[in-house]
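Residues per chain are reported as follows:
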Protein chains: 2
Amino acid sequence: MFNHAKTRQQRSIPAIGEERAAEVADLFRLLGDTTRLRIVLACLEAPVSVSEIATRLDLSLSLVSHHLRLLRAAHIVRAERQGKQVFYSAADDHIRGLIADMVDHVSETRSEDEHV
Amino acid sequence: MFNHAKTRQQRSIPAIGEERAAEVADLFRLLGDTTRLRIVLACLEAPVSVSEIATRLDLSLSLVSHHLRLLRAAHIVRAERQGKQVFYSAADDHIRGLIADMVDHVSETRSEDEHV
DNA sequence: CGCATGATTGAACATTTGTTCAAAAGTTAT
DNA sequence: ATAACTTTTGAACAAATGTTCAATCATGCG
């Protein structure tokens, strides 16, 4: 159970309290780069190797690895070695939900803009 | 109902499709700055004026205004003038849900780290 | 009108951050 | 051990971004 939105009241968010604000912002920032987000999206469905990500997204091996290091440190993706290759996948379903929600928001924002 | 996580299947996110990746990343990036996120948090409960935000967060009026302009452009906050003051509030409940979810993720990640 | 208050804007500065390149580390096979 | 392949790492560069300061706009009041 990764998401409890339906059980949340309208005005919840119980005092995120300044301290954690920085940590939360760090998470958002990591998903806030197009290249990095595309890499996460590539890891969302099934585990993929670094070279496959690089090929599919047309990025250098080095760049992909750099980004994956950051994503791994933030527990957004998980790494699993299998022979010479390292396969990456989304750390949990939480990530999936978060991204899906943001996509929804973008869609809604768009349709709002249209008939204004 | 801003969040449909529970009704989402494991492997959803129907091909966010490269195009929208940039838009989604833009949204994430806006929430990925600590100062800006604190400002959003301040607008979450009830409408607040620019000067009140600046005072409560100990930031310059100018800085707050700059950030609010970006947040407004992305439909994350709404502005409403009332006399000399301008009150800002969260654009919709979607935003609330997104932030709450991210806070959850940080919390979970933390507890994972603890007993590892 | 002239003045005070509140908010916005633009340009300059200071950091941060993404990207590249070359080198190194880990793995498997010959 | 050498060689081929995959991934990681570090330093250097280039570009984007947050912050500040001063000036301007907007609103309400004496």
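Just above, that's the structure.
Residues numbered from 1 in each chain as written. Chains lettered and ligands numbered in written order. Predicted model: local features only at pLDDT ≥ 70, side-chain atom pairs only at ≥ 80, totals over all residues. Heavy atoms only, no water.

Participant: Just checking my understanding: could you explain the pairing of strand β3 (residues 85–90) of chain B for this structure?
Facilitator: Across a regular strand the side chains alternate sides, sitting on one face of the sheet and then on the other. Residues and elements named next belong to chain B. Pairing geometry for strand β1 (residues 48–49) and β3, over two bridges, is antiparallel. In the strand pairing of β3, Val48 is matched with Tyr88. Bridge analysis of strand β2 (residues 77–82) against β3 gives six bridges, and the strand direction is antiparallel. When the bridges of β3 are listed, Val77 appears paired with Ala90. Connecting β2 to the next strand, β3, in antiparallel fashion are two residues, including Gly83 with a positive phi near 75 degrees. (Pairing = 2+ DSSP bridges. Helix = DSSP H or I, 4+ residues; strand = E, 2+ residues; numbered from the N terminus.)

Participant: Help me out: how do you make sense of the packing of helix α2 (residues 34–44) of chain A against helix α4 (residues 61–73) of chain A in this one?
Facilitator: A pair of packed helices is captured by two measures, namely the crossing angle of their axes and the spacing between those axes. Residue and element names in this part refer to chain A. In the contact formed by α2 and α4, the axes pass within 10 Å of each other and the chain directions differ by 80 degrees. In terms of orientation, α2 lies roughly perpendicular with respect to α4. Within the contact between the two elements, α2 uses Thr35, Arg36, Ile39 and Val40 and α4 uses Leu63, Val64, His67, Leu68, Leu70 and Leu71. When grouped by side-chain class, the residues that make up the contact of α2 with α4 number seven nonpolar, two polar and one charged. (Axes fitted to C-alpha atoms, helices over the stretch in contact; angles between N-to-C directions. Parallel < 35°, antiparallel > 145°, perpendicular 65-115°, else oblique. Contact = heavy atoms within 4.5 Å. Nonpolar A, V, L, I, M, F, W, Y, C, P; charged D, E, K, R; others polar.)

Participant: How do you make sense of the protein's contact with DNA strand C when you look at a structure like this?
Facilitator: Around DNA strand C, the surrounding shell holds 23 residues, and the nearest of these are Arg36, Ser62 and His67 of chain A together with Ser62 and Tyr88 of chain B. Here, DNA strand C places atoms within 4 Å of the protein, and 70% of those atoms are sugar or phosphate. Contacts to DNA strand C include Arg29 of chain A, whose side-chain N or O atom sits 3.2 Å from a phosphate oxygen. Residue His66 of chain B places a side-chain N or O atom 2.8 Å away from a base oxygen belonging to DNA strand C. Of the residues forming the surface near DNA strand C, the biggest block, five residues, is contributed by helix α4 (residues 61–73) of chain B. (Near = heavy atom within 4 Å. Polar contact = N/O pair within 3.5 Å; in protein donor to acceptor, adjacent residues only side chain to side chain.)

Participant: Sorry, what's going on with α4 of chain A here?
Facilitator: Spacing of three or four residues puts side chains on the same side of an α-helix, whose turn is 3.6 residues. All names here are of chain A. An ideal rise of 1.5 Å per residue puts 18 Å on 13 residues; α4 measures up with 18 Å between its terminal C-alpha atoms. Residues of α4 that are buried include every one of Val64, His67, Leu68 and Leu71, and no others. Buried residues of α4, viewed axially, fall in a sector of 105 degrees; they line one side. More than 90 degrees from the buried face of α4, the exposed residues found are Arg69 and Ala73. As for α4, its buried residues are in contact with α1 (19–31), α2, α3 (50–57), β2 (77–82) and β3 (85–90). Where α4 terminates, the next one or two residues include His75, which has phi positive at roughly 60 degrees. (Expected span 1.5 Å × (residues − 1). Buried < 20%, exposed > 50% of the residue type's maximum accessible area, 1.4 Å probe, protein only. Arc of directions from axis to C-beta.)

Participant: Would you mind showing me how to read the protein's contact with DNA strand D here?
Facilitator: Taken together, 23 residues lie near DNA strand D, and His66 and Tyr88 of chain A together with Arg36, Ser62 and His67 of chain B sit nearest. Those atoms of DNA strand D that come within 4 Å of the protein belong to sugar or phosphate at a rate of 67%. Here Arg29 of chain B contributes a side-chain N or O atom positioned 3.0 Å from a phosphate oxygen of DNA strand D. One nitrogen or oxygen atom from the side chain of Arg36 of chain B is found 2.5 Å from a phosphate oxygen belonging to DNA strand D.

Participant: Would you explain the sheet that holds β2 of chain B in this entry?
Facilitator: Hydrogen bonds between backbone atoms are what pair the strands of a sheet, whose relative direction is either parallel or antiparallel. Residues and elements named next belong to chain B. Across the sheet, three strands lie side by side as β1-β3-β2; this open sheet has antiparallel pairing. Both edges of this open sheet fall to β1 and β2, since each of them pairs with a single strand only. In the packing of α4 onto the sheet, the strands contacted are β2 and β3, and the crossing angle to β2 comes to about 115 degrees.

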